[in-house]
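Observations on the model geometry
Here are the chains, one letter per residue:
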Amino acid sequence: MKNVGIAMTNFANESSCRIHSNFVEQSPVMIIVPLEEKHWTEVKRIYEEGIATGNATFESSAPTWENWSSSHLPFSRLVAEENGEVLGWAALSKVSDRCVYGGVAEVSVYVSAAASGKGVGAALLHALIETSEQNNIWTLTAGIFPVNESSIHLHQKFGFRLVGRREKIGKMNGVWRDTLLYERRSAAVGRHQAETSS
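Residues numbered from 1 in each chain as written. Predicted model: local features only at pLDDT ≥ 70, side-chain atom pairs only at ≥ 80, totals over all residues. Heavy atoms only, no water.

**Section: the overall build of the chain**
A tally of regular secondary structure across the chain gives 5 helices and 9 strands. Starting at the N terminus and walking to the C terminus, you meet the elements of the chain as β-β-β-α-α-β-β-β-α-β-α-β-β-α. Sequence-distant contacts in the chain: of pairs separated by 6 or more residues, those separated by 24 or more amount to 59%. Accessible area for the chain stands at about 11,000 Å²; split by element, carbon and sulfur atoms hold 48% of it. (Helix = DSSP H or I, 4+ residues; strand = E, 2+ residues; numbered from the N terminus. Contact = heavy atoms within 4.5 Å. Areas by Shrake-Rupley, 256 points an atom, 1.4 Å probe, with all protein chains shown as cover.)

Right under this line is the structure:
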């Protein structure tokens, strides 16, 4: 992976984040911007690439934009772009309709196969964590297939801890699959309340 530096801007309004190469020679610049409907064709293509691996999700096909949008939170929707090309995307979905879990969300991060190894997943997850905290999300969760080692390593890098293994939680193509449940508790959002109640 290239040695890259991340120049973060204020994400209060989900403005762009630029990822610059530290090399002297001129290199493309990757930016993280809000995911919008105009990105859907490329976002869907990347999602379908993940589905085709059989190790990224239980889903068997990509939804329509309307169905995807309604199933994800309205904030922390991000895409990584380089020269106008979408390299990957990230978003959050709620884990429960109960208000007590209002600050808990599930992470989705997908990177184009062509952009693998360029630090796209790390840039997206970094930005996703930051924007989630700005929107009062205190816990992020991720369900990952045990064979998806790159995703496991990525989440561990950003402070996600393994909280359990969900055995035979779902069936895919007639085969029961386990998932690993990872979790990241924010040190910034709700920290005082958590310490008081413990």
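**Quick word on the pattern of salt bridges**
Here the structure, examined in full by the defined rule, presents 6 salt bridges. A salt bridge links Glu49 to Arg45; its shortest N-O distance comes to 3.2 Å. In this pair, Glu49 and Arg45 are both assigned in helix α1 (residues 40–53), 4 residues apart and thus about one turn of the helix distant. By relative accessible area, Arg45 is classed as partly exposed at 32%. The shortest N-O distance in the salt bridge between Arg165 and Asp178 comes to 2.9 Å. One end of the pair, Arg165, is in strand β8 (residues 161–172); the other, Asp178, is in strand β9 (residues 175–185), with 13 residues separating them in the sequence. (Salt bridge = Lys/Arg side-chain N within 4 Å of Asp/Glu carboxyl O. Buried < 20%, exposed > 50% of the residue type's maximum accessible area, 1.4 Å probe, protein only.)

**A word on the pairing of strand β3 (residues 30–34)**
β3 sits mainly inside the fold: 4 of its 5 residues count as buried. In terms of strand pairing, β3 meets strand β4 (residues 78–82) through 5 bridges, oriented antiparallel. Looking at the pairing, Pro34 lines up with Leu78 of β4. (Pairing = 2+ DSSP bridges.)

**Examining helix α3 (residues 120–134)**
Here α3 contains 15 residues, and its C-alpha end-to-end distance of 21 Å stays within 8% of the 21 Å for a straight helix at 1.5 Å per residue. Within α3, 11 of the 15 residues are buried, leaving the element largely enclosed by the surrounding structure. Residues Val120, Gly121, Ala122, Ala123, Leu124, Leu125, Ala127, Leu128, Ile129, Thr131 and Ser132 constitute the buried set of α3. One or two steps after α3, the chain reaches Asn136, where phi turns positive at roughly 65 degrees. (Expected span 1.5 Å × (residues − 1).)

**Some details on the nonpolar core**
With 30 residues, the main nonpolar core has Leu92, Leu125, Leu140 and Phe160 as its most contacted residues. The set of elements that each furnish at least two residues to this core consists of β3, β4, β5 (85–94), β6 (104–111), α3, β7 (139–144), α4 (149–157) and β9. Ranked by residue count, the leading element in this core is α3, at 8 residues. Ignoring anything within four residues of it in the chain, the contact list for Leu125 reads Val107, Val109, Leu154, His155, Phe158 and Phe160. With 16 residues, the next largest nonpolar core counts Val43, Ala62, Val79 and Val86 among its residues. (Core = buried A, V, L, I, M, F, W, Y, C linked by side-chain atoms within 4.5 Å.)

**A short note on unusual backbone geometry**
Here the phi dihedral of Asn83 falls at roughly 55 degrees; this positive angle occurs in a residue that is not glycine. Considering the arrangement of structural elements, one finds Asn83 in the loop between β4 and β5. In this structure, Asn136 is a non-glycine residue whose phi angle is positive, near 65 degrees. Along the chain, Asn136 turns up in the loop between α3 and β7. Judged by its relative accessible area of 53%, Asn136 is exposed.

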